[in-house]
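Letter by letter, the chains look like this.
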Amino acid sequence: MIIQKTENSRISTFDPNNFSFGGTFSDHMIICEYEDGKWGEVKLVPYGPLLFTPAMMGVNYGQACFEGMKAYKDKDGQVFLFRPEKNFERINKSANRLAMPSVTEEIFLEGLKALIDIDREWVPQGEGNSLYIRPLIFATEEALKARISNKYMFAIVATPAKMYYTEPVSVKISDHYSRAASGGVGSAKAAGNYAASFYPTQLAMEEGYDQIIWTDDATHEYFEESGTMNVFVRINDTIFTPPTSEKILDGVTRDSFIQLAKKRGFDVRVEPIKVKDVVEAQKNGTLKEVWGVGTAVVTTVFQALGHNGEKLELPRLSDEESFAVILKNDLVNLQNNLSEDPFGWRVLVDHALETV
């Protein structure tokens, strides 16, 4: 690994009590270039612009995917990653679906740990705070021809993060737009998936909603995801979540919620969720809560569902009553080293670069 430390750290200008998600970046980044059928050497360099042209194939033909993960700092200043091997597996799954080269475990994990180690001061402490990490792969060849690129870049950047939503949100159940189609790239974190979601979300916001619950493309009769999150539904005391598929992303937070729920003894069913069943449960009072989970948001509880022009209000549960809040607290405590880790999910980032 080639390491070039910045001579002008910006950490003194960072106010951990006053920042917005995604707008402030740590001092360094990881870059690694792919050419002639192989990845080159990993470089840890100061964060900053890179030189590309409008003819870059990733911009023109959409060969680009990414991951979302976080680093956490406990009360003693130790820094931890959370299940990084899952993100390594998934970025390669996404890359393969988009006909891009896989990255090696050494490139991904060692680059990741080196970046978090050198920028550990950028990991904010405190409830709801973390360092959001964005690994990505994109095509960089300069060519205007619709084909697989011959050149790529793997990069990792990081931005301080705090709680995404602070209040429950209202979501519209989509009856027209879908996030993904059978045979498509819904199971990949393809950049284009997010671009395609913006317009329907904008329309929902114009109707007074914060987000969308995506439904299946064929019938719009089944829940799939919500915005950029996986979705959970609680009817009475049973938790439901749709099974992952080529249309539904295999979320790390989703999997963690399922395992934490089972550990608590909650009844969890991974099976298709019918829109009509959720609406009926709301009408008869058995729908207790609906929520979304994801790396950036952790957990977002929904206060209302929009369906066929009607706004269906959900119960406002106390923290002690809400399965969503209970499981969120279990997850956050584990991530921040406030509880035991029976799953082995926490990964300590040691001080490997201190002498470099």
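Here's what I pulled together on the structure shown here. Just so it is clear, the model here is predicted, and its values are computed rather than measured.

### What about the overall build of the protein?
For step 1, the next point in the chain: Helix and strand counts for the protein come out as seven helices and 19 strands.
For step 2, the next point in the chain: Taken over the C-alpha trace, the protein has a radius of gyration of 21 Å; the compact-globule value for 356 residues is 21 Å, and the two agree within 12%.
For step 3, the next point in the chain: If one aligns the C-alpha atoms of the protein with their principal axes, the spans along those axes are about 60 × 55 × 35 Å.
For step 4, the next point in the chain: Within the protein, buried positions represent 51% of all 356 residues.

### Remarks on the pattern of salt bridges
For step 1, the next point in the chain: Following the criterion strictly, the structure yields 16 salt bridges and no others.
For step 2, the next point in the chain: Between Arg10 and Asp27 there is a salt bridge, with its nearest N and O atoms 3.8 Å apart. One end of the pair, Arg10, is in the loop between strand E1 (2-3) and strand E2 (28-35); the other, Asp27, is in the loop between E1 and E2, with 17 residues separating them in the sequence.
For step 3, the next point in the chain: Assessed through its relative accessible area of 6%, Asp27 is described here as buried.
For step 4, the next point in the chain: The residue Glu141 makes a salt bridge to Arg147 at a minimum N-O spacing of 2.7 Å.

### Topic: the packing of aromatic side chains
For step 1, the next point in the chain: Going through the model one piece at a time under the given rule, you end up with 16 aromatic pairs.
For step 2, the next point in the chain: For the pair Phe14 and Trp122, a centre-to-centre distance of 5.4 Å together with 35° between the ring planes defines the contact as tilted. One end of the pair, Phe14, is in the loop between E1 and E2; the other, Trp122, is in the loop between helix H3 (105-118) and strand E8 (130-139), with 108 residues separating them in the sequence.
For step 3, the next point in the chain: On the basis of relative accessibility, which here comes to 12%, the residue Phe14 falls in the buried class.

### As for the environment of Ile3
For step 1, the next point in the chain: Its location among the elements puts Ile3 in strand E1.
For step 2, the next point in the chain: Owing to a relative accessible area of 28%, Ile3 belongs among the partly exposed residues under this scheme.
For step 3, the next point in the chain: Residues Ile3 and Lys43, 40 residues apart in the sequence, show an inter-C-alpha distance of 6.0 Å.

Thresholds, definitions, all that
Residues numbered from 1 in each chain as written. Predicted model: local features only at pLDDT ≥ 70, side-chain atom pairs only at ≥ 80, totals over all residues. Heavy atoms only, no water. Helix = DSSP H or I, 4+ residues; strand = E, 2+ residues; numbered from the N terminus. Rg over C-alpha atoms; globule rule 2.2 N^0.38 Å. Buried < 20%, exposed > 50% of the residue type's maximum accessible area, 1.4 Å probe, protein only. Salt bridge = Lys/Arg side-chain N within 4 Å of Asp/Glu carboxyl O. Phe/Tyr/Trp six-rings, centres within 6.5 Å; stacked < 30°, edge-to-face > 60°.

These values are about where atoms sit, not about what they do.
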